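Here is how the chains run, residue by residue.
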Amino acid sequence: MAKNHQPIQTKPQVYTKQDLIALGNSNRKLNHWPTIILCIIFVITGQSIAKILENFYYDQIDHNDNHQNDGVWTQSLLQTVGFRLLLPFYIFTAKKHNQQQSPTTSDRTSTKYIISFSGLIGILWSNQGRFSAKAKLELPFRVFTLIYTTQLFFTLIFAAFINKIKLNRWIITSLILATATGALTFSSSFGGEPDEAEANNGRGSLAALISSLYFSLLLCVIQNVFKRTKAPSFASVYQVLIISSLLATISSAAGLLIEGEQDDFKRDMNGFSKGKGAYVMALVGQVVAWQVYWAGIVGLVFSVSSVLANVISVITWPIVSVLVVIFFGYVNDEFDVFKGVALVTASLSAAAYFYRLHKENLSY
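Residues numbered from 1 in each chain as written. Predicted model: local features only at pLDDT ≥ 70, side-chain atom pairs only at ≥ 80, totals over all residues. Heavy atoms only, no water.

Engineer: I would appreciate a short explanation of the packing of helix H3 (residues 72–80) against helix H12 (residues 276–303) in the present structure.
Structural biologist: For any two helices packed against each other, one specifies the crossing angle of their axes together with the interaxial distance. Running from N to C, H3 and H12 point in directions that differ by 55°, and their axes come no closer than 7 Å. In terms of orientation, H3 lies oblique with respect to H12. Packed against H3, whose contacting residues are Gln-75, Leu-78, Gln-79 and Thr-80, the element H12 presents Leu-283, Gln-286, Val-287, Trp-290, Gln-291 and Trp-294 at the interface. Along the lines of polarity and charge, the residues of the contact of H3 with H12 split into 5 nonpolar, 5 polar and no charged. (Axes fitted to C-alpha atoms, helices over the stretch in contact; angles between N-to-C directions. Helix = DSSP H or I, 4+ residues; strand = E, 2+ residues; numbered from the N terminus. Parallel < 35°, antiparallel > 145°, perpendicular 65-115°, else oblique. Contact = heavy atoms within 4.5 Å. Nonpolar A, V, L, I, M, F, W, Y, C, P; charged D, E, K, R; others polar.)

Here it is, written out as structure tokens:
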């Protein structure tokens, strides 16, 4: 007598809480796309404006004297000194969280853990900015771009070992395309690019590599803080930014005073081609734009992972390079095929990672 066999039904893959932590997005609520998209807009907008104003600053200062390597601590300081602008957003998000649920022991533990790691984050942050500025002033910008792209490789390594992120073909595809995007922007120009007499390839290359490593480690340390504290709300993002920025600002200000860069402000202001008002606005604009950028970056680390934050940061480069062509029109800098292909690979890189997030949502 023939037996009735029930057809075998395969269940779709289901991600547990532990799986999502391993994938690096333990803080992200299911289908929380508005926060992710808003953070991406912050990264693109903030980085684009900051880089445009940075180009404007170096394009307009007096280059008659050999001060090419001055102001590296100043550029680092500009990235963090505006942290007080974030205080209203922290108060709003913290108050909203407290209205939804009463403060718990976990919340207080989270704050203490963030404070304990803020020193490391602040030092990495200030030195990353300093080495990045130094490298751009000592290297041809195309060389700096190629070396600085290695941050994606460093993030891949640190994310695997520090954050225990499970890699898959979509994340790897996104990283490969992001690396291609960064490399293809080598034809871009920079207002502070040194001439042959000022360039120092050895020292500049080392500075670019160190900056790249520090940036990657910074993102992964921040994600590790969120993961270990089980950060309860987006207010944790502003906690990290404000506390770490304060310490990074102190570090950068100390470096600025030790190097005597405070004496450069008056000279640069007086020699600024567009006048003193434009000089002040260029610096203030960078301060605000960097806060927008970092709010987006750390928000992406909180919502998804350090890997996506780094990918979005890098694939913004071709947008910046196109804006530089439009606003400055440097000699030998134009919208070439490399910038066009970079925009395409940037879109594909983002699409690959977003597709992975979409699959996670469907499987949860």
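Engineer: It is not clear to me how the nonpolar core should be interpreted in this structure. Could you clarify?
Structural biologist: Note on soluble globular proteins: their nonpolar side chains tend to be buried together. Ile-121, Ile-222, Phe-226, Leu-241, Trp-294, Leu-300 and Val-307 are the most contacted members of the largest nonpolar core, which has 87 residues in total. By residue number, the principal contributor to this core is H12, which donates 14 residues. Ignoring any residue separated from it by four or fewer positions in sequence, one finds Val-307 in contact with Thr-155, Ala-159, Ile-165, Ile-171, Leu-175 and Tyr-353. (Core = buried A, V, L, I, M, F, W, Y, C linked by side-chain atoms within 4.5 Å. Buried < 20%, exposed > 50% of the residue type's maximum accessible area, 1.4 Å probe, protein only.)

Engineer: Please clarify how unusual backbone geometry should be interpreted in this entry.
Structural biologist: Residues other than glycine predominantly adopt negative phi, and peptide bonds predominantly adopt the trans conformation. Notably, Lys-164 is not glycine yet its phi reads approximately 55°, a positive angle. As for its position among the elements, Lys-164 is in the loop between helix H7 (151–161) and helix H8 (169–184).

Engineer: Can you walk me through the pattern of salt bridges in this structure?
Structural biologist: A side chain of one charge can pair with a side chain of the opposite charge when the charged atoms of the two come close. Per the stated rule, a full pass over the model turns up 6 salt bridges. Residue Lys-51 is joined to Glu-54 by a salt bridge in which the shortest nitrogen-to-oxygen separation is 3.8 Å. Taken as a pair, Lys-51 and Glu-54 lie in helix H2 (residues 33–60) at a separation of 3 residues, close to a single helical turn. Taking relative accessible area as the criterion, Glu-54 reaches 4% and is therefore assigned buried. Note that Lys-136 and Glu-54 form a salt bridge whose closest N and O atoms lie 3.0 Å from each other. Pair noted here: Lys-136 is in helix H5 (residues 105–138) and Glu-54 is in helix H2, with a separation of 82 residues, a long-range link. Exposure class is identical for Lys-136 and Glu-54. Each is buried. One salt-bridge network, held together by shared partners, links Lys-51, Glu-54 and Lys-136. (Salt bridge = Lys/Arg side-chain N within 4 Å of Asp/Glu carboxyl O.)

Engineer: Is there a simple way to explain the environment of Ser-244 in this structure?
Structural biologist: Examined against the element boundaries, Ser-244 turns out to sit in helix H10 (residues 235–259). Taking the relative accessible area as the measure of exposure, Ser-244 reaches 1% and is therefore buried. Along the backbone, Ser-244 and Ile-114 are 130 residues apart, and their C-alpha atoms lie at a distance of 8.8 Å. If we ignore the near neighbours within four places in the chain, the residues touching Ser-244 are Ser-118, Ile-121, Gly-122, Trp-125 and Gln-239. Of note is the side chain of Ser-244, whose polar atom sits 2.9 Å from the backbone oxygen of Val-240. (Polar contact = N/O pair within 3.5 Å; in protein donor to acceptor, adjacent residues only side chain to side chain.)

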